[in-house]
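Examination of the molecular architecture
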Amino acid sequence: MRYLNQLEPDALVARFDEHPPIDFSVMRVAETPAFVAPFDLLTTADDDVRKKLTGAPGYRWWGRLLRWRTAFVGTTVSEYALFPRDAQPDVLAVALRSQLGRRQRLMIVKDVPQGSPLFDRATNDWCARFMEACDANGFVLLEGQALAYVPIDFQSEDEYLARLSSGRRKDIRRKLRKRDEVTVEAIHCGDSAFDDDAVIDAYYALYENVFAQSEIHFDKLSRDFFAAVLRDVSNGGVVFVYRHEGVMIGWNLCFVVEGKLIDKYVGFAYPQAREQNLYFTSWFYNLAFAREQGLTHYVAGWTDPQIKSYLGAQFTLTRHAIYLRNPLLRAAARKLGKFFESDSQWAAHEQA
């Protein structure tokens, strides 16, 4: 049975268990996916707060005190925290606190939907009751990340662009001229092309490029993970491969699940991907694919909300429930929580 809040294929969640990110330990707590990993407490802090602290005298030495071995409820391959469908919200909150929260000095229930348009009312109501139960059991509730998505309610690219401002339309169309210089091939997971280790190495190298230039380094996925996913025909994944002058300069792994296109992983060659405006090209290719397949939504993930907003995405916020074993730190977290809600600005996003 699929978990509550699960957008991804079952096979992808299974690969997370088999090949967790580097330095992660995965487990099940009360039949709920969880993991323990090193975590920098400044990861989700506001940019200004992070810059002030990392620039403070001696941060090179005392900054290590902000890196804790932390328990997380959820996975890093799912957009949302995953819960057993037959669990009772109040019972699960207590179980997580007693079985995991008291074993680690910090536990984070990550990315619980908050009135998500991607789920039905029953799912959203369950999540609201769960967060109420967490609050009643000493968790600190914080606004979480902003998940980007696009409803596929347009009949053409021109109709989609018409919803944006004239300035954005002009700029996007200018950038999209580069797509004529790029070829796109759709390769399904499990294709014989992925039997070649050299092909896996090439894909992983482009993933590492993206990871290296990312501002946040949390969950580095292993080569073994990608090899297992790309060679797994059962997950229904499709890789859109972008080539310029016959050379692969980028790839994008997506999954079609229950009428939605779930965008999961990318790899880019720099500077070629930037020179060819590949981010823009891949965005509109995904929208066209979703439209042609008769899908209802394109789910674009958590990263880069600024550029996704510019490209016309809508956003739905999550909430986190954090539990600190030390009661003094719990009290401090309630006062300082507002400095760790940097994505909340996107909740009020409106297309201009």
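Our subject in this report is the structure included herewith. (Residues numbered from 1 in each chain as written. Predicted model: local features only at pLDDT ≥ 70, side-chain atom pairs only at ≥ 80, totals over all residues. Heavy atoms only, no water.)

Looking now at the sheet that holds strand S10 (residues 297-301). The eleven strands are arranged S1-S2-S3-S4-S11-S5-S10-S9-S8-S7-S6 in an open sheet whose pairing can be described as mixed. For this open sheet the edge positions go to strand S1 (25-29) and strand S6 (182-188), each flanked by a neighbour on one side alone. Neighbour-to-neighbour, the strand axes of the sheet open up by a mean angle of 30°, direction not taken into account. Relative to strand S7 (residues 237-244), S6 runs antiparallel, the two being bridged by seven bridges. For Val182, the partnering residue across the bridge sits in S7 and is His244. (Pairing = 2+ DSSP bridges. Helix = DSSP H or I, 4+ residues; strand = E, 2+ residues; numbered from the N terminus. Axes fitted to C-alpha atoms, helices over the stretch in contact; angles between N-to-C directions.)

A full pass over the atoms with the stated rule returns 21 salt bridges. In this structure, the salt-bridge partner of Arg173 is Asp158, at a minimum N-O distance of 3.4 Å. Taken as a pair, Arg173 in helix H7 (residues 166-176) and Asp158 in helix H6 (residues 157-161) lie far apart in primary sequence, 15 residues in all. A salt bridge links Asp197 to Arg223, with the shortest nitrogen-to-oxygen separation between them at 3.6 Å. Here the residue Asp197 occupies a position in helix H8 (residues 197-213), and Arg223 occupies one in helix H9 (residues 223-230), the gap between them amounting to 26 residues. The exposure class assigned to Asp197 is partly exposed, which follows from its relative accessible area of 42%. With relative accessibility at 23%, the residue Arg223 sits in the partly exposed group. Overlapping salt bridges bring together Asp197, Asp201, Arg223 and Arg231 as one network. (Salt bridge = Lys/Arg side-chain N within 4 Å of Asp/Glu carboxyl O. Buried < 20%, exposed > 50% of the residue type's maximum accessible area, 1.4 Å probe, protein only.)

To continue, consider the nonpolar core. Counting 74 residues, the largest nonpolar core has Tyr203, Trp251, Tyr265, Trp283, Phe284 and Leu287 as the members making the most contacts within it. Apart from the residues lying within four places of it in its own chain, the contact partners of Phe284 are Glu157, Tyr160, Leu161, Ile172, Leu176, Arg179 and Leu311. If you look at the next biggest cluster of nonpolar residues, it comprises 25 residues, including Val36, Trp126, Met131 and Tyr323. (Core = buried A, V, L, I, M, F, W, Y, C linked by side-chain atoms within 4.5 Å. Contact = heavy atoms within 4.5 Å.)

Remark: helix H4 (residues 89-101) packs on helix H5 (residues 121-136), axes separated minimally by 8 Å, with the N-to-C direction vectors making an angle of 45°. Classed by the angle they form, the pair H4 and H5 counts as oblique. The chirality of how H4 crosses H5 is right-handed. Of H5, the residues touching H4 (which contributes Pro89, Asp90, Leu92, Ala93 and Leu96) are Trp126, Arg129, Phe130, Ala133 and Cys134. Split by residue class, the contact of H4 with H5 holds eight nonpolar, no polar and two charged. (Parallel < 35°, antiparallel > 145°, perpendicular 65-115°, else oblique. Left-handed = near helix turned anticlockwise from the far one by under 90°. Nonpolar A, V, L, I, M, F, W, Y, C, P; charged D, E, K, R; others polar.)

Take the pairing of strand S3 (residues 67-73) next. The element S3 is extensively covered by neighbouring structure, given that five of its seven residues are classed as buried. Two elements, strand S2 (residues 32-40) and S3, share seven bridges in a ladder whose sense is antiparallel. Counterpart to Asp40 in the pairing with S3 is Arg67. For S3 and strand S4 (residues 106-113), the ladder comprises three bridges, and the chain directions are parallel. Looking across to S4, one finds that Ala71 is bridged to Met107. One crossover worth recording links S3 to the parallel S4 by way of H4, and it is right-handed. (Right-handed = clockwise from strand over helix to strand, strands pointing away.)

Before going further, it helps to examine unusual backbone geometry. The omega angle of the peptide bond from Tyr270 to Pro271 is 5°, so this bond is cis rather than trans. Positionally, Pro271 belongs in the loop between strand S9 (260-268) and helix H10 (272-275). Backbone geometry at Asp23 places phi at a positive 75°, although glycine is not the residue there. Structurally, Asp23 is set in the loop between helix H1 (10-18) and S1. The phi angle at Ala30 is positive, at roughly 55°, despite the residue not being glycine. Tracing the sequence through the fold places Ala30 in the loop between S1 and S2.

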